[in-house]
Amino acid sequence: MNQVSKWKDAAEESGSSAILSVGLAPGLTNLMASWASKGLDVTESVDISIMLGLGDRHGKAAVEWTVDNLLSTFQVMENHRIKTIASFSDGRSVFFGEKIGCKSVYRFPFSDQSTLPNTLEVPTVSTRLGFDSSPLTSILAGFRASGLYHLLKVKWIRNAAVQAFMNKRMGSDDVALKIEAHGKRHGKNSTVESLLVGRDQSRITAKVAARVADAVYSGNIACGVFHIEQVFELASMKGWLEKEVRMEEWWDGERRGMWSPRDRPGDELPYK
């Protein structure tokens, strides 16, 4: 956020607009987190879970980033304090709807968990990643826990891992995003959950980028540098989302069925 803010004045002075965090994660995860947090009077934490299908098409740069970050540690805000997290650690099981079921997901350095504590003023945000292949997800977590992940520092092993991810179709092209916002509503502990399930993460990413680019090109964005959730609502993606993905919501563990993004920013959630 500090690096972004350095360019804010320059963008305003030049009459320019720049939107960051555009895509699937970050991007839709940011908008879904914003939507869920607005259902609470006070949001204390947000858990973001991402499930990617290994049968989908993944570009080389994206695969290299994923493989390289299996080795990483990264910093996040936890209760207003900086904490260092090891990638692919701290796993949990998450329910991604009837079609996909429960999948294990592990901490991963997606940037949404770094920006949302500032833009949404949430003390703690965590993002986790898993794959539709439960055995592969477990193997990767085991590599991390045992220390064998250091083998990925060997160039030929790292390159072989990248090629394996790119060339082998080991599952579906499903993608799922689950947001769990925890906090208080009417003075009581409460949780708002939102789920998005679709196919072809590259197509979904491109749809988000196209929507944002169109808004910037049309001059409908204020001058400055922003993250997507600062200038867009989930409702602004409604037109194509309803055609491309399935969305569900839960309120304090009670499934509320299908849902659509709110039509107008500032509307209350469709339940009391």
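What you see as residue numbers is a count from 1 along each chain, following the sequence as written. Where totals are concerned, whole chains, interfaces and linings use all residues; where local detail is concerned, this predicted model gives features only for residues with pLDDT of at least 70, and gives and counts side-chain atom pairs only at 80 or more. Hydrogens and waters are ignored; side-chain quantities use all the structure's heavy atoms.

## Describing the overall build of the protein
Next up, step 1: Think of it this way: any DSSP run of H or I at least four residues long counts as a helix, any run of E at least two long counts as a strand, and we number them from the N terminus. A count of helices and strands for the protein gives 10 helices and 12 strands.
Next up, step 2: The classification of residues rests on relative accessible area computed with a 1.4 Å probe and restricted to protein chains. Under 20% of the type maximum is buried, over 50% is exposed, and intermediate values are partly exposed. A buried classification covers 51% of the 272 residues belonging to the protein.
Next up, step 3: Expressed as a percentage of contacts within the protein between residues at least 6 apart in sequence, the contacts between residues at least 24 apart total 72%.
Next up, step 4: For the protein, the accessible area works out to roughly 13,200 Å², and carbon and sulfur atoms hold 51% of it. Any pair of residues with heavy atoms lying within 4.5 Å of one another is described as a contacting pair. Residue burial considers only the protein chains on display, and all accessible areas are found by Shrake-Rupley using a 1.4 Å probe.

## Structural notes on the layout of surface pockets
Next up, step 1: Space inside the largest pocket adds up to approximately 420 Å³.
Next up, step 2: If you trace the largest pocket, you find 23 residues lining it, with Leu52, Ala62, Trp65, Thr66 and Phe110 closest to the centre.
Next up, step 3: The set of elements that each furnish at least two residues to the lining of the largest pocket consists of α3 (24-37), β2 (42-52), α4 (60-69), β7 (124-131) and α8 (201-217).
Next up, step 4: Here the lining of the largest pocket takes five residues from α4, the largest share from any one element.
Next up, step 5: Asp, Glu, Lys and Arg are counted as charged, while Ala, Val, Leu, Ile, Met, Phe, Trp, Tyr, Cys and Pro are counted as nonpolar; the rest, among them Gly, fall into the polar class. Across the lining of the largest pocket, the residue classes break down as 17 nonpolar, six polar and no charged. The rule is simple: put a 1 Å grid over the protein atoms alone, call a set of points where a 1.4 Å probe fits but cannot get out a cavity, call an open set with protein on both sides within 12 Å along at least five of seven lines a pocket, and count a residue as lining if it has an atom within 4 Å of a point. Grid points are joined across faces, edges and corners, and a volume is the space filled by probe spheres set on the points.

## Overview of the packing of aromatic side chains
Next up, step 1: Each Phe, Tyr or Trp ring, with Trp reduced to its six-membered ring, pairs with another whose centre is within 6.5 Å; inter-plane angles below 30 degrees give stacked pairs, above 60 give edge-to-face pairs, and intermediate values give tilted ones. Scanning the entire structure with this criterion turns up four aromatic pairs.
Next up, step 2: Both rings, one in Phe88 and one in Tyr106, keep their centres 5.1 Å apart while their planes meet at 15°; by these two values the pair is stacked. Within this pair, whereas Phe88 is found in the loop between β4 (81-86) and β5 (92-95), its partner Tyr106 is found in strand β6 (residues 102-107), the two being separated by 18 residues in sequence.
Next up, step 3: Since its relative accessible area comes to 2%, Phe88 is described here as buried.
Next up, step 4: Look at Phe88 and Phe108: their rings are 6.1 Å apart centre to centre, the planes differ by 90°, and that puts the pair in the edge-to-face class.

## So, the pairing of strand β11 (residues 246-251)
Along any regular strand, the residues point their side chains to alternate faces of the sheet.
Next up, step 1: Within β11, five of the six residues are buried, which leaves it mostly tucked inside the rest of the structure.
Next up, step 2: The pairing criterion is simple: DSSP has to find at least two bridges between the two strands. The pairing of strand β9 (residues 188-199) with β11 spans six bridges and is antiparallel. Within β11, the position partnered with Val192 by the bridge is Trp251.

## Focus on the side chain of Asp47
Next up, step 1: Inspection of the secondary structure puts Asp47 in strand β2.
Next up, step 2: The term polar contact refers here to a pair of N or O atoms within 3.5 Å; inside protein, the definition further demands a hydrogen-donor-capable atom paired with an acceptor-capable atom, and it admits residues adjacent in sequence only when both atoms are side-chain atoms. In this structure the side chain of Asp47 is engaged in a polar contact, spanning 3.2 Å, whose partner is the side chain of His182.
Next up, step 3: Ignoring anything within four residues of it in the chain, the contact list for Asp47 reads Arg92, Ser126, Arg128, Lys178, Ile179, Glu180 and His182.

## Some words on the pattern of salt bridges
Next up, step 1: Take a side-chain nitrogen of Lys or Arg and a carboxyl oxygen of Asp or Glu: if they are within 4 Å of each other, that pair is a salt bridge. Following the criterion strictly, the structure yields 13 salt bridges and no others.
Next up, step 2: Between Arg128 and Asp90 there is a salt bridge, with the nearest N and O atoms lying 2.8 Å from each other. Here Asp90 lies in the loop between β4 and β5 and Arg128 lies in strand β7, a separation of 38 residues in the sequence.
Next up, step 3: With a relative accessible area of 6%, Arg128 lands in the buried category.
Next up, step 4: Here the residues in one salt-bridge network are Asp47, Asp90, Arg107 and Arg128, joined through shared partners.

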